[in-house]
Amino acid sequence: LKVMMKRKNKKKAYRMCISCRNVYDQKEMLRIVKNKSGNVRLDETGKMHGRGAYICKKKECVEKAKKAKALNRAFEMGVEEEIYSKMNEYINDK
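Residues numbered from 1 in each chain as written. Predicted model: local features only at pLDDT ≥ 70, side-chain atom pairs only at ≥ 80, totals over all residues. Heavy atoms only, no water.

## Quick word on the pattern of salt bridges
Scanning the model with the defined rule gives four salt bridges in all. Ionic pairing is found between Arg31 and Asp43, a salt bridge with its closest N-O pair at 2.7 Å. Taken together, the residues Arg31 in strand β3 (residues 29-34) and Asp43 in strand β4 (residues 40-43) connect sequence positions 12 residues apart. The pair formed by Arg31 and Asp43 is uniform in burial state, with each residue classed as buried. (Salt bridge = Lys/Arg side-chain N within 4 Å of Asp/Glu carboxyl O. Helix = DSSP H or I, 4+ residues; strand = E, 2+ residues; numbered from the N terminus. Buried < 20%, exposed > 50% of the residue type's maximum accessible area, 1.4 Å probe, protein only.)

Next comes the structure, spelled out in structure tokens:
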């Protein structure tokens, strides 16, 4: 006799975009991470360790975040231009 275990429905994780301030499902957003050594990287897997900030997968949001220096505020440090260009490349590839 097979016994089927009931699975609990997992709640979806929602995050707010640092640029447009709209709330989306975590999996629909880009995650940028600052690790303990202070390196800021684009987290494509969503599993990197460190302080994370989320942004929509829209060019407008990336440009707005760049202009408003939203990542600088989120990580309390200067963020290089390279991160914004990597985000734009990622959006263009998907």
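The structure having been displayed, the exposition proceeds.
## Notes on the environment of Lys36
Within the secondary structure, Lys36 is located in the loop between β3 and β4. For Lys36, a relative accessible area of 90% puts it in the exposed group. Distance from Lys36 to Arg51, taken between C-alpha atoms, is 8.4 Å for residues 15 residues apart in sequence.

## Describing the side chain of Ser19
Topologically, Ser19 is positioned in the loop between β1 (14-16) and β2 (23-25). Here Ser19 falls in the buried class, since its relative accessible area comes to 8%. Here Cys61 takes part through its backbone oxygen, which lies 2.9 Å from a polar atom of the side chain of Ser19. If sequence neighbours within four positions are ignored, Ser19 has contacts with Ile55, Cys61, Lys64 and Ala65. (Polar contact = N/O pair within 3.5 Å; in protein donor to acceptor, adjacent residues only side chain to side chain. Contact = heavy atoms within 4.5 Å.)

## Observations concerning unusual backbone geometry
Here the phi dihedral of Arg21 falls at roughly 65 degrees; this positive angle occurs in a residue that is not glycine. In this fold, Arg21 is placed in the loop between β1 and β2. By relative accessible area, Arg21 is classed as exposed at 54%.

## Thoughts on the sheet that holds β3
Strand order in the open sheet made by the three strands is β4-β3-β5, with antiparallel pairing throughout. Since the sheet does not close on itself, it has two edges, and those belong to β4 and β5 (51-56), each with one partner. Neighbour-to-neighbour, the strand axes of this sheet turn through a mean angle of 30 degrees, independent of strand direction. Inspection of the sheet shows β3 paired to β4 by four bridges, in the antiparallel sense. In the sheet register, Ile32 faces β4, and the bridge partner there is Leu42. (Pairing = 2+ DSSP bridges. Axes fitted to C-alpha atoms, helices over the stretch in contact; angles between N-to-C directions.)

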